[in-house]
Amino acid sequence: MKRLTIDLKDYRENGTVYFRAAVRGIIRQENKYLLISGKYGDCKFPGGGVESGENLEEALAREIREETGFTLDPCSLRKWGEVTERRKGVTADVTEMVSHYFFCRLTETPQTQQELDTYEREYEYAPVWLTLEEAIEKNRLALGQTEVPWVTRDLTVLKCLRDEDAYAREEKKC
C-alpha cells in the first residue's frame, strides 16, 4: 500500500489544525478513469469526507453516488494507498487530511442525477472519463490556483498511477 505525504507549507506554523478523513475512488474502464471536473480546469478523483458514523466503504459509496450519479460495487474495493496532505485551512490555520484511495468498479445500475453540495454546484462539478495523460495535463495547468488546493494531491496520485501502469507494461514484456 502506498503512503504519500504532501505538505504545501502555505500555512502559519503552530496554528490551529483541522483534521479530516476522506475517501477517493480510482475507477478505470478500459483506458479511462472516472474523475470530477470543475470550472477551474482541474479534475479529481470522486470522493470526499467521511461523515460521523460512516466507515470508509460507506463513505466512498455515498460520495461516488452523490458526485457522479454512478453506483459503486461494494465487493470491488481494493485499497491503493493513503495520502496525508497539509495545507492552508479554511476553518483553521491548517487542514490536515488523510485521503484513503481505493481501486473500485461500478455496478451495471444506470447513472442517476448527481446530488451535489452547494460548493460542488458552485464549482460546477461534472463526472468525466479521461486518460491519465489527459487528467495529468488538466491538473498541471490548474496548479497554483488557490480555489483548487487539492490539485497537487490528485496530480501526485495520477502520476503514481501512470508510473505503476508503465511498470506493469514493462513487466509483461519480459
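Everything below is about the structure printed above this text.
Small disclaimer: the values here were computed from a predicted structure and weren't measured. (Residues numbered from 1 in each chain as written. Predicted model: local features only at pLDDT ≥ 70, side-chain atom pairs only at ≥ 80, totals over all residues. Heavy atoms only, no water.)

Q: Sorry if this is basic, but what is going on with the overall build of the protein chain here?
A: When helices and strands are counted, the protein chain shows four helices and eight strands. Secondary structure elements of the protein chain occur, N-terminal to C-terminal, as β-β-β-β-β-α-β-β-α-β-α-α. By its C-alpha atoms, the protein chain is 50 × 40 × 30 Å across when sized along the principal axes. The 174 residues of the protein chain split such that 44% are buried. Counting only carbon and sulfur atoms, one obtains 49% of the accessible surface of the protein chain, whose full area is about 9,500 Å². For the protein chain, the separation between the mean place of its 27 positive charges and that of its 33 negative charges on side chains is 3 Å. (Helix = DSSP H or I, 4+ residues; strand = E, 2+ residues; numbered from the N terminus. Buried < 20%, exposed > 50% of the residue type's maximum accessible area, 1.4 Å probe, protein only. Areas by Shrake-Rupley, 256 points an atom, 1.4 Å probe, with all protein chains shown as cover. Lys, Arg positive; Asp, Glu negative; His and termini not counted. Charge placed at Lys NZ, Arg CZ, Asp CG, Glu CD.)

Q: What is the right way to read helix H3 (residues 132–142) from this model?
A: Side chains that are three or four residues apart share a direction in an α-helix, a result of its 3.6 residues per turn. Three or more residues of H3 are buried, namely Leu132, Ala135, Ile136, Asn139 and Ala142. The buried residues of H3 occupy an angular sector of 130 degrees when the element is viewed end-on, so they sit on one face. (Arc of directions from axis to C-beta.)

Q: What is the right way to look at the packing of aromatic side chains in this model?
A: For any two aromatic rings, the description comes down to two numbers: the centre-to-centre distance and the angle of the planes. On inspection of all chains with the given rule, the structure shows eight aromatic pairs. When the ring of Tyr40 is compared with that of Tyr123, the centres are 5.4 Å apart and the planes differ by 65 degrees; the resulting orientation is edge-to-face. Within this pair, whereas Tyr40 is found in the loop between strand E3 (32–37) and strand E4 (43–44), its partner Tyr123 is found in the loop between helix H2 (118–122) and strand E8 (126–130), the two being separated by 83 residues in sequence. Using a relative accessible area of 23% as the deciding quantity, one classes Tyr40 as partly exposed. Its relative accessible area of 12% is what places Tyr123 among the buried residues. (Phe/Tyr/Trp six-rings, centres within 6.5 Å; stacked < 30°, edge-to-face > 60°.)

Q: It is not clear to me how helix H1 (residues 56–68) should be interpreted in this structure. Could you clarify?
A: A rise of 1.5 Å per residue sets the reference length of H1, with its 13 residues, at 18 Å; its end C-alpha atoms lie 18 Å apart and thus fit the reference within 8%. Every buried residue of H1 is listed here: Ala59, Leu60, Arg62, Glu63, Ile64, Glu66, Glu67 and Thr68. Between the side-chain oxygen of the N-cap and the backbone nitrogen of Glu57 there are 3.0 Å, and the N-cap of H1 in question is Asn55. The positive-phi residue at the C-terminal boundary of H1 is Gly69, with phi of around 85 degrees. (Expected span 1.5 Å × (residues − 1). Polar contact = N/O pair within 3.5 Å; in protein donor to acceptor, adjacent residues only side chain to side chain.)

Q: I tried to follow the pairing of strand E6 (residues 78–88) on my own but got confused; where do I start?
A: Each regular strand carries side chains that alternate between the two faces of the sheet. Sheet analysis places strand E1 (residues 2–7) next to E6, joined by six bridges and oriented parallel. The partner of Lys2 across the bridge, within E6, is Gly81. Here E6 pairs with strand E7 (residues 94–104) via 10 bridges, running antiparallel. The partner of Lys88 across the bridge, within E7, is Val94. Hairpin remark: E6 followed by E7, antiparallel, with five residues in the connecting loop. (Pairing = 2+ DSSP bridges.)

The values reported here are purely geometric and, on their own, carry no functional implication.
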